[in-house]
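The primary structure of each chain is shown beneath.
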Amino acid sequence: MKEIKNILICGAGMMGKNIGYVFASNPSFQVGMYDLYPTDVEAGIRTNTKQLLDKGVITEQELSDRLSRISFTNDIDSDLVKNADLVIEAVFEDMKIKRETFAKLEARCRPDTIFCTNSSVMSPSEISAELQHRERFVGTHFWNPGHLIPLVEVVKSDASSDEVAQTVMEVLRSVGKKPVLCKKDVPGFIANRMQHALWREAIYIVEQGIADAETVDKAVKYSFGLRLPQLPPLVNSDLVGTDLTYNIHEYILKYLCSDTTPSPLLVKMKEENKMGFKSGEGFFKWDDESIAAERKGLNDYLIHMLYKKDKE
């Protein structure tokens, strides 16, 4: 298995900074960050990790140690780029930009450098289609916030080698992530397919007047959502029995939403500029205070669940 020492994060936005912070947790790694534009990486990481410091999950010394292992450049011909053993791209979700980025990287990195794309939806097969060494390319879908959510989906393209996929899995485990292997390059990979199947039914229930948005969210939060971390779907199916699962599905599946296009309710909301946080109204009404509280509440909850630190 290829030895990994030098990690390059290509794209120093919020997700890129969080990924850089994660990899810097391993003292064996030197982390380079590349972006087209000058970026204060340290300030960004300190902002993103403030709650971790405040709650005692990490100390100032531990954060400083991590930051000491991170270097930034906006020179694509830098040694940080040329010496990379593994690259994780975290640029905009734009196929043209991603392909152009990897073409530039392939011209500068070694032929054995492992390339990873942090995309939540885009096909790694399509992104890597024009590369010469497609076997060393995989998807690595970090979930937002990237420094807190443990899951990373490692997605094999139609050309990824097993060795490269397993190397990436091991590297991710070494920094405390919980990688899962998506064996086939399919739209939505693993978790987003399940998440949006749930969202489709949730929106359908509101659209059909079965329940309002607040009730739908409460129904999830205070029932199966509460037990999901301990009792995921397929363990639950075994617990109740696959025969019962079969009987339930035989009865109920025909009544569930199976639309293959966005809900008419979503179309109407989009036309009325009800864009959620972006516009101040979606399924609920939002202002700066409630948006900030929701974001903080999510991080507080994740920190509590992951590190057993009390929420404030």
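What you see is a predicted model; the values in this text were computed from it and never measured.

*Asks:* Explain the overall build of the protein chain to me, please; I cannot follow it from the model alone.
*Replies:* Looking only at helices and strands, one finds 15 helices and eight strands in the protein chain. Relative to its length of 312 residues, the protein chain is compact, with a C-alpha radius of gyration of 21 Å against a globular reference of 20 Å. Each principal axis of the C-alpha atoms in the protein chain carries an extent, and together these give about 60 × 45 × 45 Å. Within the protein chain, the proportion of its 312 residues that are buried is 41%. When the accessible surface of the protein chain is split by element, carbon and sulfur atoms take 55% of a total near 17,800 Å².

*Asks:* Whenever I open this one, the packing of aromatic side chains confuses me. Can you help?
*Replies:* What characterises a pair of aromatic rings is the spacing of the ring centres plus the angle enclosed by the ring planes. Under the counting rule described, the total for this entry stands at seven aromatic pairs. Both rings, one in Phe 23 and one in Phe 29, keep their centres 6.3 Å apart while their planes meet at 50 degrees; by these two values the pair is tilted. For Phe 23, a relative accessible area of 1% translates into the label buried. Classification of Phe 29 as buried rests on a relative accessible area of 4%. Taking 4.7 Å as the distance between ring centres and 70 degrees as the angle between the ring planes, the aromatic pair formed by Phe 277 and Trp 286 counts as edge-to-face. Ring-pair connections join several aromatic residues into one group, and the members of that group are Phe 23, Phe 29 and Phe 142.

*Asks:* Where do I start with the pattern of salt bridges in this structure?
*Replies:* Where side chains of opposite charge bring their charged atoms close, a pairing between them can arise. Within the structure shown, the criterion is met by 21 salt bridges. We note a salt bridge from Glu 272 to Lys 268, for which the minimum N-O separation is 2.8 Å. Since its relative accessible area comes to 38%, Glu 272 is described here as partly exposed. Between Lys 274 and Glu 281 there is a salt bridge whose closest N-O contact spans 3.8 Å. Here Lys 274 falls in the partly exposed class, since its relative accessible area comes to 28%. According to the relative accessible area criterion, Glu 281 is partly exposed, its value standing at 27%.

*Asks:* How do you make sense of the packing of helix H12 (residues 233-240) against helix H13 (residues 242-252) when you look at a structure like this?
*Replies:* Axes are the key here: two packed helices are described by the angle between their axes and the distance separating the axes. It is at 5 Å that the axes of H12 and H13 come closest, and there the two elements cross at 105 degrees. Of the possible angle classes, the one that applies to H12 and H13 is roughly perpendicular. Listed contacts from H13 to Ser 237, Asp 238 and Val 240 of H12 are Thr 242, Asp 243, Leu 244 and Thr 245. Of the residues that constitute the contact of H12 with H13, the class distribution is two nonpolar, three polar and two charged.

*Asks:* I keep staring at the sheet that holds strand E2 (residues 30-34) and nothing clicks. Help me out?
*Replies:* Strand pairing in a sheet is mediated by backbone hydrogen bonds. Such pairs are either parallel or antiparallel. Pairing is mixed in the open sheet, where eight strands are placed in the order E3-E2-E1-E4-E5-E6-E7-E8. Every other strand in the sheet has two partners, leaving strand E3 (70-73) and strand E8 (178-182) as the edge strands with one partner each. Strand-to-strand twist in this sheet, taken as the mean axis angle between neighbours without regard to direction, amounts to 25 degrees. Strand direction decides the pairing type here: strand E5 (residues 114-117) and strand E6 (residues 137-142), joined by three bridges, are parallel. The partner of Phe 115 across the bridge, within E6, is Phe 137.

*Asks:* Where do I start with the packing of helix H9 (residues 191-207) against helix H14 (residues 264-271) in this structure?
*Replies:* For the pair H9 and H14, the least separation of the axes is 9 Å and the interaxial angle reads 80 degrees. Between H9 and H14, the interaxial angle falls into the category roughly perpendicular. When H9 is examined against H14, the residues Ile 203, Val 206 and Glu 207 are found in contact with a partner set consisting of Pro 264, Leu 265 and Leu 266. Looking at the contact of H9 with H14 residue by residue, the class counts come to five nonpolar, no polar and one charged.

*Asks:* Please explain the layout of surface pockets as it appears in this structure.
*Replies:* Empty space among the atoms can be located by rolling a probe the size of a water molecule over them. One number sums up the size of the second largest pocket: a volume of about 480 Å³. Every residue lining the second largest pocket is counted, 20 residues in all, and those nearest its centre are Asp 35, Leu 36, Val 91, Phe 92 and Ile 97. For the lining of the second largest pocket, the secondary-structure elements that each account for two or more residues are helix H1 (14-23) and helix H6 (95-106). Here the lining of the second largest pocket gets four residues from one element, more than from any other, and that element is H6. Class assignment of the residues belonging to the lining of the second largest pocket gives a composition of 12 nonpolar, five polar and three charged.

*Asks:* So what exactly am I meant to see when it comes to the environment of Arg 110 here?
*Replies:* Examined against the element boundaries, Arg 110 turns out to sit in the loop between H6 and E5. Using a relative accessible area of 30% as the deciding quantity, one classes Arg 110 as partly exposed. Expressed as a C-alpha distance, the spacing of Arg 110 and Phe 23, which sit 87 residues apart in the sequence, is 21 Å. Those residues within four positions of Arg 110 in sequence are excluded, and the remaining contacts are Lys 2, Lys 82, Asn 83, Ala 84, Asp 85 and Arg 136. Reaching out from Arg 110, the side chain makes a polar contact with the side chain of Asp 85 at a distance of 2.7 Å.

About the criteria used
Residues numbered from 1 in each chain as written. Predicted model: local features only at pLDDT ≥ 70, side-chain atom pairs only at ≥ 80, totals over all residues. Heavy atoms only, no water. Helix = DSSP H or I, 4+ residues; strand = E, 2+ residues; numbered from the N terminus. Rg over C-alpha atoms; globule rule 2.2 N^0.38 Å. Buried < 20%, exposed > 50% of the residue type's maximum accessible area, 1.4 Å probe, protein only. Areas by Shrake-Rupley, 256 points an atom, 1.4 Å probe, with all protein chains shown as cover. Phe/Tyr/Trp six-rings, centres within 6.5 Å; stacked < 30°, edge-to-face > 60°. Salt bridge = Lys/Arg side-chain N within 4 Å of Asp/Glu carboxyl O. Axes fitted to C-alpha atoms, helices over the stretch in contact; angles between N-to-C directions. Parallel < 35°, antiparallel > 145°, perpendicular 65-115°, else oblique. Contact = heavy atoms within 4.5 Å. Nonpolar A, V, L, I, M, F, W, Y, C, P; charged D, E, K, R; others polar. Pairing = 2+ DSSP bridges. 1 Å grid on protein atoms, 1.4 Å probe; cavity = no way out; pocket = protein on both sides within 12 Å on 5 of 7 lines; lining within 4 Å. Points joined across faces, edges and corners; volume = space filled by probe spheres on them. Polar contact = N/O pair within 3.5 Å; in protein donor to acceptor, adjacent residues only side chain to side chain.

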